[in-house]
Structures are given as structure tokens and as C-alpha cells.
Amino acid sequence: LGWGGCLADDMGLGKTLQTISFLQYLKDRHHGSTQLVICPTSLIFNWESEIQKFCPTLKHFTYYGGQREFSNTHFEEYDVVLTTYGVVRNDEDLLSEFLWQYIILDESQAIKNPDARVTKSLKKLRSVNRMIISGTPVQNNTGDLFAQFNFLNPGLLGSREFFNREFATPIDKLGSKEKTAQLRKLIYPFTLRRTKEQVAQDLPDKTISVLWCTMDAEQRAFYNEYRDRYKTRLLKKIDEEGIAKSGLDVLEALLRLRQICDHPALVKKDDNALSSSVKIEELIREVQENAGEHKVLIFSQFTEMLHLIRDQFEDAGIKYSYLDGSLSMEKRRDEVGKFNEDESVRAFLISLKAGGVGLNLTVADYVYIVDPWWNPAAEMQAIDRAHRIGQKRKVFAYKMICKDSVEEK
């Protein structure tokens, strides 16, 4: 019928896999068509690996990076083109020349602001049909729905003024149950949503996956500078003294590169240290946008990294508990109690060594490992702070790894 749909399953229920299955269906049904998948930068490599894993026959192309090239004939060669919201914003004129069979937005809450440039850019793209994917299509208020459904099925919810008058104000400010039911009835035919509770019997007890992170240009340049410097120094030392006498230098180089993946400030300790860290940005996005009402554990082996995350959480207004090896037993007990009992405390920042064992934190069901540890067993111990007797929900664990870095290797 040409209507678009919203896949709004809870986080961790396989929205990406469902969509890849749908892409395969489109390939079989509309032979020769090309689909455009638009996602946050941090997810583009996840899409690549999931397509290769589950549907290797889908011919896909990643339209991303400084050397990207565009042509209609080029895109026609592929079943799926992957790109990011930032690329669409920059290349809207080129991308709007092509007629896509389906445009699919992953984490579609990225366009919840109708006035944002990326939202306007997406409206210019041409397609036969559209789909949006989001575990949290409504994050703050019903107004979040308008831009997403206006992209999906223009006109369904009326003009912005009409929507605000008829739905947003009565629901968000006056709590009208009648208007809430009316809006739910309007979007119901176009929305597919399952919660973890609905499919609990089909879920494994513990799901561990990689959350790919892509460093921005500043962090990447800093990483490359240190990588090249260490490489030159190590090759010279190994050549002169042999690998046996270079072990400590190799370990130091690996440690420093891993720290830069977390945050350049862990290595460059001065007032001019780089302020950006893709991992902290991702953590804030995950807690604010994806975790919903779930509680999360965040582990890092570097206490300085936990301090940086703590500072950014305070700026973002995220309530947290904190635990590292310097805390007394009494203070440690207070922090655990605060996290377990205070519903407003969403996150628990924990040092891997101090909190990897001996804690029972079954109120949490999301776990983030900020930096991969040498010993996978230590990571499992950390994840099992939540995945243990007393846990009534499924546990979802995410390893944060910077793409094209020593972490990935």
C-alpha cells in the first residue's frame, strides 16, 4: 500500500537481524532494487558485520569516509547501501538524485527534532517506501513522534501545529488519556513493538555483543601520531636489542594506544588535552536514549577513565553510583545500596579490579565494558555482577571497541 512502518522492539531483541531478513526479502521481491540504510556512525560497522554474518548474499556498499564516491550507476550495482546521518546531511543533493526502493533509518530518534538540518535533509530523499527502527521512538515526550512519523508517512499526524494542538499539549501537559488513546490508535497499524517481557522465554540468559565506536578526526589523529611514534621506536629497539629485551616497551605501547581509545586525556595530561572521547559520547547516548528504565553497569580498568565519565555524566544530568579501589567498605556499601534502592540512579561506574568480584547487582540488566581487558575471564566476572542468582531478567552486555585500532586487533 506504500505505507511506511516503525520497528520499535525493545533493545536487544534483534531489530537489526529482523531488518536484514527484510532486506533479503526485498532483494527477492524487487530484483535489481537498492535499499538505503542510515544509522549513527557508531553502528555502521555493526551493520556491515551483521550483514556478512547473517545474509552474505546481500551485496552491500558502505558510503562513508572522506574518499566516498557517488554515482547512480554505482549504487545500482548493490542491494544495500549503508551510510550515516552526518553523511546524508552533507551529501543531501547527491543522495536525493537516486530513487531508493526503501530508506531505512536505524535509531530513528536521531531525527526527533523537526527543525534539525539532518531531519530536513532526509525529507528530500526519494524512495518508494520507508521504514524506521528505534527501541525508543518516544524519549522525552510525544513531540518526538512527529518528525519520525512525518518522515515515515507524511500527513498521517497532520501539520506540526495541528499535532501540537491536538496531541502534544493535551497529552504532555494535561495528561489526557483520551488523546493518548487516540494517538496510539493512529500509529498502531504502522508500529511493531515487542518488549523483553513478551519474548522472555525465547531469549538467552546472557547476550554479549560488540558496540563499535568510531573515533572523530581529532582523536584519530592523536591515536595515529602515537601509533607511528611507538612503531618507529619499537622496530629500532627490536632490531638493536632483540624482541626478548623489548617486551616492556611493547606492553607500554599497547597500554598507551588502548588508553587513547578510551580518552586522549589519559595519555596527554595537560590543559591542552583533547576533550572528545567517542566512548563517553556513546555511553551518554546509550544511557539517555537506549537503556530506557533499565539500570546499567559500566566497567573500566582505568579509574581515570571512570573519573572522566563521572564528570560528563554530571554535566548531562545522569545520576550514578561510583566504586573504585580507594573506597572504604562502608562507602562501598553505601554506593551499592544507593544503586540498588534509588530508582533515579541509572548507572553504576565500577573499576574492573575493585568491582569485578563480590558484588551482587541484579537490579541491573545492561553491562558496558568500556575497555577490553587482557583476560576475558575478568570481563565475564564483571558481567556476572548482574548475571547471577536473583536476576529475573535477561542480561545484555556490550564490549565497547574502537574500530581500526589496537582494541579491535
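Going by the structure above, here's the rest.
Keep in mind the model is a prediction, meaning the values are calculated, not measured.

## Re helix α9 (residues 177–187)
- For α9, the set of buried residues is K179, L183 and I187. Within α9, the buried residues cover an arc of 65 degrees as seen down the axis, which keeps them to one side. Exposed side of α9, more than 90 degrees from the buried face: K177, E178, R184 and K185 are the residues found there.
- Two or three places before K179, at the opening of α9, S176 has a side-chain oxygen 3.1 Å from that residue's backbone nitrogen.

## Thoughts on the pattern of salt bridges
- Summed over all chains, the structure comprises 19 salt bridges.
- Across the pair R285 and E289 runs a salt bridge whose closest N-O atoms are separated by 4.0 Å. Of the two residues, R285 and E289 are both situated in helix α12 (residues 278–290); the distance of four residues between them amounts to about one turn of the helix.
- Taking the relative accessible area as the measure of exposure, E289 reaches 21% and is therefore partly exposed.

## Points about the environment of K268
- Counting through the fold element by element, K268 comes out in the loop between α11 (247–262) and α12.
- You can call K268 partly exposed: its relative accessible area is 28%.
- Sequence separation between K268 and C6 is 262 residues; the distance between their C-alpha atoms is 44 Å.

## Observations concerning the packing of aromatic side chains
- In this structure the tally under the stated criterion is 18 aromatic pairs.
- Relative to Y398, the ring of Y368 has its centre 5.3 Å away and its plane inclined at 20 degrees; by these criteria the two rings are stacked. Placement of Y368 in strand β12 (residues 364–369) and of Y398 in strand β13 (residues 395–402) is noted, with a sequence separation of 30 residues between them.
- Under the relative-accessibility criterion, Y368 is labelled buried at 1%.
- Site record: aromatic cluster; members linked through ring pairs are F61, Y63, F75, Y78, F98 and W100.
- Of note, K59 hangs over the ring of Y78, and the distance from its end group to the ring centre comes to 5.2 Å.
- Sitting over the face of the ring of Y226, R229 holds its NZ or CZ atom 4.5 Å from the ring centroid.

Conventions we followed
Residues numbered from 1 in each chain as written. Predicted model: local features only at pLDDT ≥ 70, side-chain atom pairs only at ≥ 80, totals over all residues. Heavy atoms only, no water. Buried < 20%, exposed > 50% of the residue type's maximum accessible area, 1.4 Å probe, protein only. Helix = DSSP H or I, 4+ residues; strand = E, 2+ residues; numbered from the N terminus. Arc of directions from axis to C-beta. Polar contact = N/O pair within 3.5 Å; in protein donor to acceptor, adjacent residues only side chain to side chain. Salt bridge = Lys/Arg side-chain N within 4 Å of Asp/Glu carboxyl O. Phe/Tyr/Trp six-rings, centres within 6.5 Å; stacked < 30°, edge-to-face > 60°. Lys NZ or Arg CZ within 6 Å of the ring centre and 35° of its normal.

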